[in-house]
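Read off the chains here:
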There are 2 protein chains.
Amino acid sequence: MKQKPSFYRIVQKDIQSVEQLIIESIQMDRPDVNILLKQLFTSGGKRIRPNIALLLGKMLGAENRRIITLSSAIEMLHTATLVHDDLIDNSLFRRGNTTLNAIWTPAATVLAGDYLFAKAAEHAANTDSLVVMKLFSQTLSIIVRGEITQFLEKNNSLELQDYYDRIYAKTASLFQTTSISTGILAGTAPAEVEELKLFGHDIGMAFQIIDDVLDFTGEQQTLGKPIGSDLRNNILTLPSLLYFQDHKKEYKQFIKDTKSNGQGIRDVLIQNILAGSVIEKSIDQAKTFIHQGLNHLDAFPSSEFKTELKALTLDSLTRVQ
Amino acid sequence: MKQKPSFYRIVQKDIQSVEQLIIESIQMDRPDVNILLKQLFTSGGKRIRPNIALLLGKMLGAENRRIITLSSAIEMLHTATLVHDDLIDNSLFRRGNTTLNAIWTPAATVLAGDYLFAKAAEHAANTDSLVVMKLFSQTLSIIVRGEITQFLEKNNSLELQDYYDRIYAKTASLFQTTSISTGILAGTAPAEVEELKLFGHDIGMAFQIIDDVLDFTGEQQTLGKPIGSDLRNNILTLPSLLYFQDHKKEYKQFIKDTKSNGQGIRDVLIQNILAGSVIEKSIDQAKTFIHQGLNHLDAFPSSEFKTELKALTLDSLTRVQ
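What this report covers is the structure whose coordinates are included nearby. (Residues numbered from 1 in each chain as written. Chains lettered and ligands numbered in written order. Predicted model: local features only at pLDDT ≥ 70, side-chain atom pairs only at ≥ 80, totals over all residues. Heavy atoms only, no water.)

1. Things to note about the overall build of chain A
Scanning chain A for helices and strands turns up 16 helices and 2 strands. The globule rule puts the C-alpha radius of gyration for 321 residues at 20 Å, and the 20 Å found for chain A is close to it. Reported as C-alpha extents along the three principal axes, the dimensions of chain A are approximately 55 × 50 × 40 Å. Relative to its 321 residues, chain A shows a buried fraction of 56%. Excluding contacts between residues fewer than 6 apart, the proportion of contacts in chain A whose partners are at least 24 apart in sequence is 74%. Carbon and sulfur atoms make up 50% of the accessible area of chain A, which totals about 13,900 Å². Put simply, chain A has 34 plus and 37 minus side-chain charges, and the middle of one group is 2 Å from the middle of the other. (Helix = DSSP H or I, 4+ residues; strand = E, 2+ residues; numbered from the N terminus. Rg over C-alpha atoms; globule rule 2.2 N^0.38 Å. Buried < 20%, exposed > 50% of the residue type's maximum accessible area, 1.4 Å probe, protein only. Contact = heavy atoms within 4.5 Å. Areas by Shrake-Rupley, 256 points an atom, 1.4 Å probe, with all protein chains shown as cover. Lys, Arg positive; Asp, Glu negative; His and termini not counted. Charge placed at Lys NZ, Arg CZ, Asp CG, Glu CD.)

Written as structure tokens, this is what we have:
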């Protein structure tokens, strides 16, 4: 068995506390519902956001109990958006497990997501910080506004900034809120909270780029969905966007296929994207964000926890290398 | 034209501020979406919760700006739950207007509701009160848990307490949070906040009973749905519950029809409920709650605003008389 990395071992007990807090808080009078809700939190998520919050919290000397509460809020908010997302995309599988949406009716899935939003907000309020609470509600707005835009707009712009705006709303905003909130709860000075904000932002951008690369390079079994699923759903991500910037003729064909709802040359396109240099270029961009993010930790003194936080962040790159 | 009652005229300008604050806060970069979202707040809602908060706030000497913010949060939360409710019940009309769900896809309706939840939470955080924020998130949990229970359970218990539990979760909990929060923001002493809590609870219970009576006695055109729609959807409310308590044979037939998904004798049942004394008994119960609620205002000195708040509360009874 592969040994867990040391950055994981340091927070393992706290992560268990986060999971326990979440499971306890969502209990209802219905054992059947409890089983389904519990599955949402025991189906092998990486808990990357709680991991970051907990290591950052230790690095900053925050009160552990409050960071556990914050982590519960963040992880539940993340899960709630996934539940509604699965309904919106009609996904039947996530991480290889069937989604709630595949078992329950849309109505029940809406309610389950709403319930997790409500409970997430309760945990956020339990951090006893108005600033955290405000950030939390603003981040929910940003995420949902991003989803509405993604749902309504054609997601086929070749502008890099449009892609960055999308992944900020979808992912980096919550990473950013995780790092700022940890700083606030630790009583970190404003100038340093600003560094934490940029750290969270950059790491979040990198994580989403890595996920978008994995959508092309991953195994179908691990992904729980077909390779190139974003492209198949007409959504451009960094690899396809970079590819099309150099292949305008194929881009025109792609747009034409999109309009006629045809899958057209998608399989060929995915092969071309995998064969060329855009995957490597995308990974380089993720690396740039990670190193840029880690530079913002220079503002803080060296410590075991800082070292492990760096290790955790760099470890994310191994998923695509 | 019928003149607006004086309790309305006192808060009319503030209600406009609440509506303006809501509309401004939900603006997106998409004019088409803005029009649809705006419709949700301009389709003739009674703004009963903001009305109560604003009159209570004036009675207690609260800072008006904060009560306007609170009212926006409460009204948006209420509207968000209606948006998702319409999806869950597949309603196509509400207050005679088509619902978002009838125009948009389920996915878009989920997102619109989530967006309003997020914005409601932002307004709640903007009251700058941790207590209000906590109450707000707890109330959202209570409402959603109530919806989950209503969705999963047979709603045909003849126990009065089961009905009261349901309408507490659905309606009275938010009225209660409205009155407590107004007290908190006004700096009211804890013992008096307790009176405000009971006032909000009782008034909320009364309002839901009145709505449930109107479901039988209202005009189909005003209701925007068929008369007796709750009973047709197998949900017992106070009138049908009281009727069945005295007509066990018809209750057995109703349960049988429910199981076979038949509408069976529903039309006859509705006529019988309207012809008997249970409508009057239900109205009496609403009156009892209203007077019980108003008694809790005895804890506060007489004032113009208290008089108008009483008038507003009693006015709700005129809807069924």
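2. Brief notes about the packing of helix α6 (residues 106–125) of chain A against helix α7 (residues 130–152) of chain B
Packed helices, taken two at a time, are described by the angle between their axes plus the distance between the axes. Between α6(A) and α7(B), the shortest axis-to-axis distance is 8 Å and the interhelical angle comes to 160°. Here α7(B) runs roughly antiparallel to α6(A), going by the angle between their axes. α6(A) and α7(B) meet at a crossing whose hand is left-handed. Contact residues: A:Ala107, A:Ala108, A:Leu111, A:Asp114, A:Tyr115, A:Ala118, A:Lys119, A:Ala121, A:Glu122 and A:Ala125 in α6(A); B:Leu130, B:Met133, B:Lys134, B:Ser137, B:Gln138, B:Leu140, B:Ser141, B:Val144, B:Arg145, B:Glu147, B:Ile148 and B:Phe151 in α7(B). Tallied by class, residues from the contact of α6(A) with α7(B) come to 13 nonpolar, 3 polar and 6 charged. (Axes fitted to C-alpha atoms, helices over the stretch in contact; angles between N-to-C directions. Parallel < 35°, antiparallel > 145°, perpendicular 65-115°, else oblique. Left-handed = near helix turned anticlockwise from the far one by under 90°. Nonpolar A, V, L, I, M, F, W, Y, C, P; charged D, E, K, R; others polar.)

3. A few points about the pattern of salt bridges
Residue and element names in this part refer to chain A. Applying the stated rule across the entire model yields 20 salt bridges over all chains. The residue Arg 47 makes a salt bridge to Glu 19 at a minimum N-O spacing of 2.6 Å. With Arg 47 in the loop between α2 (31–41) and α3 (48–60) and Glu 19 in helix α1 (residues 6–25), the pair connects residues that are 28 residues apart, well separated along the chain. The class of Arg 47 is buried, set by a relative accessible area of 8%. Through salt bridges with shared partners, a single network forms among Glu 19, Arg 47 and Glu 75. (Salt bridge = Lys/Arg side-chain N within 4 Å of Asp/Glu carboxyl O.)

4. Things to note about the packing of aromatic side chains
One pass over the full model with this rule turns up 12 aromatic pairs over all chains. Ring geometry for A:Tyr243 versus A:Phe244: centroids 6.0 Å apart, planes at 65°, classification edge-to-face. Under the relative-accessibility criterion, A:Tyr243 is labelled buried at 6%. The interplanar angle of 35° and the centroid separation of 5.0 Å between the aromatic rings of B:Phe244 and B:Phe254 together place this pair among those described as tilted. With B:Phe244 in helix α12 (residues 238–246) and B:Phe254 in helix α13 (residues 248–259), this pair connects stretches of sequence that are 10 residues apart. For the residue pair B:Phe244 and B:Phe254, the accessibility class agrees, reading buried in each case. (Phe/Tyr/Trp six-rings, centres within 6.5 Å; stacked < 30°, edge-to-face > 60°.)

5. What about the relation of the copies chain A and chain B?
Two chain copies, one operation linking them: a rotation about an axis together with a shift along it. The transform that puts chain A on chain B rotates by 180° and translates by 0.0 Å along the axis, for an RMSD of 0.0 Å. Taken together, the rotation and translation describe the operation of a two-fold axis. By C-alpha distance to the rotation axis, the residue of chain A lying nearest is A:Leu130, at 3.1 Å. (Least-squares fit on C-alpha atoms with pLDDT ≥ 70 in both.)

6. Some points on the interface of chain A and chain B
Contacts between the two partners involve 37 residues from chain A and, on the opposite side, 37 residues from chain B. For the interface between chain A and chain B, the tally reads 4 salt bridges. B:Asp128 serves as the salt-bridge partner of A:Lys134, at 2.7 Å between the closest nitrogen and oxygen. Applying the counting criterion to the chain A and chain B interface returns 8 residue pairs in polar contact (both at pLDDT 80 or more). Those elements that provide at least two residues to the side of chain A that touches chain B are α4 (64–89), α6 and α7 (130–152) of chain A. Considering each element in turn, the side of chain A that touches chain B owes the most residues, 14 residues, to α7(A). Taken together, the residues of the side of chain A that touches chain B break down into 20 nonpolar, 8 polar and 9 charged. (Polar contact = N/O pair within 3.5 Å; in protein donor to acceptor, adjacent residues only side chain to side chain.)

7. Comments concerning helix α13 (residues 248–259) of chain A
Residues and elements named next belong to chain A. Between its first and last C-alpha, α13 extends 17 Å over 12 residues, near the 16 Å set by a 1.5 Å rise per residue. For α13, every residue scored as buried is listed here: Tyr 251, Phe 254, Ile 255, Asp 257 and Thr 258. Each buried residue of α13 sits inside an arc of 160° when the element is viewed along its axis, so together they form one side. Among the exposed residues of α13, those oriented more than 90 degrees off its buried face are Lys 249, Lys 252, Lys 256 and Lys 259. Buried residues along α13 sit against α11 (229–232), α12 (238–246) and α14 (266–275). (Expected span 1.5 Å × (residues − 1). Arc of directions from axis to C-beta.)

8. Structural notes on the side chain of B:Asp215
All names here are of chain B. Turning to its location among the elements, Asp 215 is positioned in helix α9 (residues 190–217). At 2.9 Å, the side chain of Asp 215 and the side chain of Ser 229 are in polar contact. A polar contact is formed between the side chain of Asp 215 and the backbone nitrogen of Asp 230, at a distance of 2.9 Å.

9. Focus: the environment of B:Ala62
All names here are of chain B. Positionally, Ala 62 belongs in the loop between α3 (48–60) and α4 (64–89). Note on Ala 62: relative accessible area 17%, which makes it buried. Those residues in contact with Ala 62 that lie beyond four places of it in its chain are Gly 57, Ile 67 and Ala 186.

10. Describing the side chain of B:Ser129
Here B:Ser129 is to be found in the loop between α6 (106–125) and α7. By relative accessible area, B:Ser129 is classed as buried at 7%. In terms of polar contacts, B:Ser129 uses its side chain to reach the backbone amide nitrogen of B:Val132, at 3.0 Å. In this structure B:Ser129 touches A:Leu130, B:Arg66, B:Ile184 and B:Leu185, once residues within four positions along its chain are discounted.

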